[in-house]
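# Structural overview
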Amino acid sequence: MITRNGVVAAVPPDHRDQFVRLAHEVSFPIGTRIFEEGGPADRFWIISSGGVALDVHVPGRRAPTVDTLGPGDLLGWSWLIPPCRWHLGAEAVSLVRAEEFDAAMVRALCLKDPVLGSALATYVAGVVGRRLRSTRNRLLDLYGPYGSGFRS
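From a predicted model like this one, the values you see are computed outputs, not experimental measurements.

Of the regular secondary structure elements, the chain holds four helices and eight strands. In the chain, the order of α-helices and β-strands from amino to carboxyl end is α-α-β-β-β-β-β-β-β-β-α-α. Here the chain has a C-alpha radius of gyration of 16 Å; the compact-globule value for 152 residues is 15 Å, and the two agree. With the C-alpha coordinates of the chain rotated into their principal frame, the extents come out at 50 × 30 × 25 Å. Per-residue burial over the chain gives 43% buried out of 152 residues. Across the chain, every contact between residues at least 6 apart in sequence was considered, and the portion connecting residues at least 24 apart equals 74%. When the accessible surface of the chain is totalled, it reaches about 8,100 Å², and 57% of it is carbon and sulfur. Each charge sign in the chain was given a centre, from 17 positive and 15 negative side chains, and these centres are 5 Å apart.

This part is about the layout of surface pockets. Of the volumes computed, that of the largest pocket is approximately 160 Å³. In terms of lining residues, the largest pocket is bounded by Arg33, Ala53, Asp55, Arg62, Ala63, Thr65, Glu91 and Val93. Classifying every residue of the lining of the largest pocket gives three nonpolar, one polar and four charged.

We now examine unusual backbone geometry. Here Pro82 and Pro83 are connected by a cis peptide whose omega angle stands at 15 degrees. Relative to the assigned elements, Pro83 resides in the loop between strand 6 (74-75) and strand 7 (89-92). The phi angle at Cys84 is positive, at roughly 60 degrees, despite the residue not being glycine. Locating Cys84 in the fold gives a position in the loop between strand 6 and strand 7.

Taken together, the four strands give an open sheet; going across it, the order is 1-8-3-6, and neighbouring strands pair in antiparallel fashion. Every other strand in the sheet has two partners, leaving strand 1 (24-28) and strand 6 as the edge strands with one partner each. Relative to strand 8 (residues 96-102), strand 1 runs antiparallel, the two being bridged by five bridges. Paired with Glu25 across the strands is Glu99, a residue of strand 8. Lying on the sheet, helix 3 (residues 103-112) is in contact with strand 3 (43-49) and strand 8; it crosses strand 8 at an angle near 55 degrees.

Unfilled space is identified by rolling a water-sized probe across the atoms. The final tally for this structure, using the stated rule, is one cavity of 30 Å³ or more. Of the pockets and cavities examined, the largest cavity occupies roughly 70 Å³. Residue lining of the largest cavity: Phe35, Leu54, Gly76, Trp77, Ser78, Trp86, His87, Leu88 and Arg131, and that is the complete set. Taken together, the residues that form the lining of the largest cavity break down as five nonpolar, three polar and one charged.

Turning our eyes to something else, we now look at the sheet that holds strand 7. Strand order in the open sheet formed by four strands is 2-7-4-5, and the pairing between neighbours is antiparallel. The strands lining the two open edges of the sheet, one partner per strand, are strand 2 (33-35) and strand 5 (65-69). Sheet twist, expressed as the average angle between the axes of neighbouring strands with direction ignored, equals 30 degrees. Where strand 2 and strand 7 come together, two bridges link them in antiparallel fashion.

Conventions and cut-offs
- For every chain, the first residue of the written sequence is number 1, and numbering continues from 1 onward in sequence order.
- The predicted nature of this model means local features are confined to residues of pLDDT at least 70 and side-chain atom pairs, given and counted, to a pLDDT of 80 or more, with totals for whole chains, interfaces and linings taken over all residues.
- Side-chain metrics rest on all non-hydrogen atoms present in the structure, leaving aside hydrogens and water.
- Secondary structure follows DSSP: runs of H or I at least 4 residues long count as helices, runs of E at least 2 residues long count as strands, and numbering of each begins at the N terminus.
- Each radius of gyration is computed over the set of C-alpha atoms, and the globule rule expresses the reference value as 2.2 Å times the number of residues to the power 0.38.
- Each residue gets one of three labels from its accessible area relative to the maximum for its type: buried under 20%, exposed over 50%, partly exposed in between, using a 1.4 Å probe on protein chains only.
- The contact rule is simple, with two residues in contact once any of their heavy atoms fall within 4.5 Å.
- Note on areas: Shrake-Rupley with a 1.4 Å probe; residue coverage comes only from the protein chains shown.
- Counting rule for charge: Lys and Arg are taken as positive, Asp and Glu as negative, and neither His nor the chain ends is counted.
- Every charge is mapped onto a representative atom, which is NZ of Lys, CZ of Arg, CG of Asp or CD of Glu.
- Cavities and pockets are defined on a 1 Å grid built over the protein atoms alone: a cavity is a set of grid points where a 1.4 Å probe fits but cannot escape, while a pocket is an open set with protein on both sides within 12 Å along at least five of seven lines, and lining residues are those with an atom within 4 Å of any such point.
- Grid points are joined across faces, edges and corners, and a volume is the space filled by probe spheres set on the points.
- The classification used treats Ala, Val, Leu, Ile, Met, Phe, Trp, Tyr, Cys and Pro as nonpolar, Asp, Glu, Lys and Arg as charged, and all other residues, Gly among them, as polar.
- For two strands to be treated as a pair, DSSP must find at least two bridges joining them.
- Helix axes are fitted only over the stretch in contact, all axes being lines through C-alpha atoms; the angle between N-to-C directions runs from 0 to 180 degrees.

Spelled out as structure tokens, the structure:
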């Protein structure tokens, strides 16, 4: 069951049903690599339960976790922005249940319904901004000189 907060709440009420009808429930056991940085971003998820670690490839090192997502969070934004390749990697840190969306179907719906498309694009832009700040802060914590991280 999709929660009516986060990305779903960002969609105007009279456009939500056509959006949520595109979802189907999936689950990922702990330790599952959901996607890899650089891979094709052909779907996205709204997390119902569990946790997902987002990580970034750092040559010569183990991929550090830059953010952790939980219930209600949008997992994946790269599906909306060409060339539609994942900018981060993702791994289930616990059993994850989520609503999965086929990106091509959602993009087609956005073209047919510009109000829904605008609402999704605005929401995803906010997610991108938050994730970029989180990634920057985490990488500065791990690899930058002491005191170089931005704190909000």
